[in-house]
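Coordinates in review
As a plain string of letters, each chain reads:
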Amino acid sequence: MHEYPVTEQIIKIASEAAREHDAARVSLIRLVVGEQSGFVGDSIQMYFDILAVGTLCQGAALEMEYVKAQWICPGCDCYYVREPLSFACPQCGQDGLPSEVGKEFYVKDIEIEGRKDDESVC
């Protein structure tokens, strides 16, 4: 359920960007979603489809780039994607710790189309 307010913010950010450039509409929004961000892409898409109606984002595509969570070894500073049921570093075998990689969540870029005063754009 926490995807609802986040999706509202995504629409707000994209709509503001479109207005700043006097665009007729937003055509594409690219998000970066980390595996450990706590956000579920399918839920964001579901809310986006509902909340975008009647906004500059209506009909826009929503693309998500997923980032795998990485761990860092305190012994050798190696970043790695851990194997299931293991925390061991693949280089030295010491148990790693969660890193910041995989916790990302942000709007990567926004594509807009047309100008508001261009009658050929609908």
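Values in this document were obtained by computation on a predicted structure and should not be read as measured data.

**Describing the nonpolar core**
- Val26, Ile29, Leu31, Phe48 and Cys57 are the most contacted members of the largest nonpolar core, which totals 18 residues.
- When sequence neighbours within four positions are dropped, the list of residues in contact with cysteine 57 reads Ile11, Ala14, Ser15, Val26, Ile29, Phe48 and Ala52.

**Here's the deal with the side chain of serine 37**
- The topology assignment puts serine 37 in the loop between β1 (23-34) and α2 (41-51).
- Overall, the relative accessible area of 16% leaves serine 37 in the buried class.
- Apart from the residues lying within four places of it in its own chain, the contact partners of serine 37 are Gly102, Lys103, Glu104 and Phe105.

**What to know about the sheet that holds β1**
- Taken together, three strands build an open sheet; the order of strands is β2-β1-β6 and the sheet is mixed. With partners counted over all chains shown, the strands left at the sheet margins are β2 (61-67) and β6 (105-115), one partner each. Strand-to-strand twist across the sheet, computed as the mean angle between neighbouring axes with direction ignored, equals 15 degrees.
- Relative to β6, β1 is paired through nine bridges, and the arrangement is antiparallel. Within β6, the residue paired with isoleucine 29 across the bridge is isoleucine 110.

**Considering the packing of aromatic side chains**
- Following the criterion strictly, the structure yields three aromatic pairs and no others.
- Measuring from centroid to centroid gives 4.4 Å for phenylalanine 39 and phenylalanine 105, while their planes differ by 35 degrees, and the two rings are tilted. Of the two residues, phenylalanine 39 is situated in the loop between β1 and α2 and phenylalanine 105 in strand β6; the sequence distance between them amounts to 66 residues.
- Between tryptophan 71 and phenylalanine 87, the aromatic rings sit 5.1 Å apart at their centres with planes inclined by 65 degrees, giving edge-to-face as the arrangement. With tryptophan 71 in strand β3 (residues 71-72) and phenylalanine 87 in the loop between β4 (79-80) and β5 (97-98), this pair connects stretches of sequence that are 16 residues apart.

**Quick look at the environment of valine 67**
- Position of valine 67 among the secondary structure elements: in strand β2.
- For the pair formed by valine 67 and phenylalanine 105, sequence separation is 38 residues and the distance between their alpha carbons is 9.3 Å.
- In this structure, valine 67 is in contact with Val32, Val33, Gly34, Glu35, Val101, Gly102 and Glu104, ignoring residues within four places of it in sequence.

**What to know about the sheet that holds β5**
- Read from one edge of the open sheet, three strands run β4-β3-β5, paired in antiparallel fashion. Edge strands, defined here as strands with exactly one partner in the open sheet, are β4 and β5.
- Taken together, the two bridges between β3 and β5 define a ladder with antiparallel strand orientation. Counted as the bridge partner of isoleucine 72 is leucine 97 from β5.

**Examining the pattern of salt bridges**
- Scanning the entire structure with this criterion turns up seven salt bridges.
- Between arginine 25 and glutamate 113 there is a salt bridge, and its shortest N-O distance comes to 2.9 Å. Note that arginine 25 is positioned in strand β1 and glutamate 113 in strand β6, a separation of 88 residues in sequence.
- You can call arginine 25 buried: its relative accessible area is 17%.
- As a salt-bridge pair, glutamate 111 and arginine 30 come within 3.0 Å of each other at their nearest N and O atoms.

What counts and how
Residues numbered from 1 in each chain as written. Predicted model: local features only at pLDDT ≥ 70, side-chain atom pairs only at ≥ 80, totals over all residues. Heavy atoms only, no water. Core = buried A, V, L, I, M, F, W, Y, C linked by side-chain atoms within 4.5 Å. Buried < 20%, exposed > 50% of the residue type's maximum accessible area, 1.4 Å probe, protein only. Contact = heavy atoms within 4.5 Å. Helix = DSSP H or I, 4+ residues; strand = E, 2+ residues; numbered from the N terminus. Pairing = 2+ DSSP bridges. Axes fitted to C-alpha atoms, helices over the stretch in contact; angles between N-to-C directions. Phe/Tyr/Trp six-rings, centres within 6.5 Å; stacked < 30°, edge-to-face > 60°. Salt bridge = Lys/Arg side-chain N within 4 Å of Asp/Glu carboxyl O.

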